[in-house]
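# Fold and geometry: a report
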Amino acid sequence: MAESTTPAAAIDAPPVRAEDFEVAARAILPKGIYDYFAGGAEDEAALAGNRAAFARWRFRYRVLTGASDPDLSLELLGQRFAMPVQLAPAATQKMAHPDGELGAAKAATAAGVVYCLSTLSTTSMETVASAAGVRWFQLYVFKDRGITTELVDRAAAAGYQAIALTVDTPILGRRERDLRNAFGMPAGFQYENLVGPLARAGPADLGQSALAQYFSFQLDHALTFKDLEWLAGHTRLPVLVKGVVRADDARRSVSAGARGVIVSNHGGRQLDYSIATLDALPAVVDEVGGDVPVLVDGGIRRGTDVLKALALGARSVMIGRPYLWALAVGGGDGVRGLLEILREEIAVSMSLLGVRRLDELTPDLLAGP
Ligand SMILES: Cc1cc2nc3c(=O)[nH]c(=O)nc-3n(C[C@H](O)[C@H](O)[C@H](O)COP(=O)(O)O)c2cc1C
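Residues numbered from 1 in each chain as written. Predicted model: local features only at pLDDT ≥ 70, side-chain atom pairs only at ≥ 80, totals over all residues.

Attention now moves to the site of the ligand. The ligand sits among 22 residues. The nearest are A88, S118, G267, G320 and R321. Class assignment of the residues belonging to the shell around the ligand gives a composition of eight nonpolar, ten polar and four charged. (Near = placed C-beta within 6 Å. Nonpolar A, V, L, I, M, F, W, Y, C, P; charged D, E, K, R; others polar.)

Printed below as a string of structure tokens:
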């Protein structure tokens, strides 16, 4: 675990696990930026809970299966991916490294996984599209539906293949690290996707300190399933709903037109004491897993975490902070290195678990809490 590793040891040696990147990134990044990436809401109980949930599951592995040469590939929304790990949307990636979203997207493409670009990116969706393979666009819905439809239509025109509608952020959670640090987005960065639309509605070069205010005024904080229905009807792109932790919400999302559900609590950054996403996953899978793919994120740091999530019914997982740390440490190459480590961990663990394909991952391989 991270606490047993001294920063010096981890920085001097090449990273061998995802958490090594965090130790190194912490030594590099200004404290305000590190805390913005690392932090959660209030007591950070949801943040810690996401991680803790994985440790409670153990493997009941199979032996003598002859499984070797594991196949990590999967199908998702009609496309094949090299492994079941996608890059979750995360704001302002140039604060981690000048390579920013472009570097992370290129690394995802090289590894054969999805890059999901945040609405609040520091690189425009068109620039990312010019370098990325399969790309999804994460959407926040604005009160001004003109801004919203403009973003969605631009994403479709730029070849994004899905929209991830984030529904756990009607307002920003209280992130006390940012409050204590009086954190503001450093000069020189802006929300590149919003430069055009907000030139009409207000300034685009908002600092992070103005973010909460900005959310209050510009984002629609009263979204309902009707809005999801509207969005699903507006765009030909499949809409995945990101931020669901309840089976009934998952069902209502699918009924309103969602083509996938991402079980997420925003990495513990929104409602504190939210249920751990791994704990929320099985009920959502039971409810809608037969109809649409269910993804999960929050606290995934190991190949074994990925396999646990898949054994509990997730089609794929997403990672957030791990790739921000890798980006901070090594730019796009760092993210490439991280994805290679995860790929190796998944492959080794599949062999030891006695499975050759991802669809052989079933709950009986786990001993639960
Ligand atoms: C610094 C940071 C910024 C984020 N920005 C967004 C965002 O703009 N939109 C969004 O839907 N989720 C955002 N998230 C949440 C991630 O998409 C994801 O749900 C979460 O990071 C997964 O947890 P993990 O970091 O433990 O892997 C952000 C997360 C972090 C850490």
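Additional details are given in the paragraphs that follow.
Right, let's talk about the packing of helix α2 (residues 18–28) against helix α15 (residues 321–353) for a bit. Axis separation between α2 and α15 bottoms out at 10 Å; the angle between their running directions is 170°. Relative to α15, the element α2 lies roughly antiparallel. Between α2 and α15, the contacting residues are A18, F21, E22, A24, A25 and I28 on the first element and P322, W325, A326, A328, V329, G334, L338, I341 and L342 on the second. Among the residues making up the contact of α2 with α15, the classes are represented as 13 nonpolar, one polar and one charged. (Axes fitted to C-alpha atoms, helices over the stretch in contact; angles between N-to-C directions. Helix = DSSP H or I, 4+ residues; strand = E, 2+ residues; numbered from the N terminus. Parallel < 35°, antiparallel > 145°, perpendicular 65-115°, else oblique. Contact = placed C-beta atoms within 7 Å.)

Okay, the environment of Q161 next. Topologically, Q161 is positioned in the loop between α7 (145–157) and β7 (162–166). Sequence spacing of Q161 and V134 is 27 residues, and the spatial spacing of their C-alpha atoms is 6.8 Å.

Looking along a regular strand, one sees the side chains alternate between the two faces of the sheet. Of all five residues in strand β6 (residues 135–139), five are buried; the element is thus mostly enclosed. Here β6 shows two buried faces, one formed by R135, F137 and L139 and the other by W136 and Q138. Each parallel crossover has a hand, and the one from β6 via α7 to β7 is right-handed. (Buried ≥ 20, exposed ≤ 12 C-beta atoms within 10 Å, placed from the backbone. Right-handed = clockwise from strand over helix to strand, strands pointing away.)

With that out of the way, let us pick up the pairing of strand β10 (residues 294–297). Here β10 shows no split at all, with V294 and V296 on one side and L295 and D297 on the other all buried. Bridging between strand β9 (residues 260–263) and β10 involves three bridges; their strand directions are parallel. Note that in β10 the partner of V263 across the bridge is V296. Note on the crossover from β9 through helix α13 (residues 277–288) to β10: the handedness is right-handed. Sheet topology places β10 next to strand β11 (residues 316–319); three bridges connect them, and they run parallel. Bridging across to β11, V296 finds its partner in V317. Where the polypeptide runs from β10 across helix α14 (residues 303–311) and back to β11, its parallel neighbour, the crossover connection is right-handed. (Pairing = 2+ DSSP bridges.)

By the element assignment, S121 lies in the loop between β5 (115–117) and α6 (125–129). Note on S121: 28 C-beta atoms within 10 Å, which makes it buried. If sequence neighbours within four positions are ignored, S121 has contacts with A91, Q93, E101, E192 and N193.

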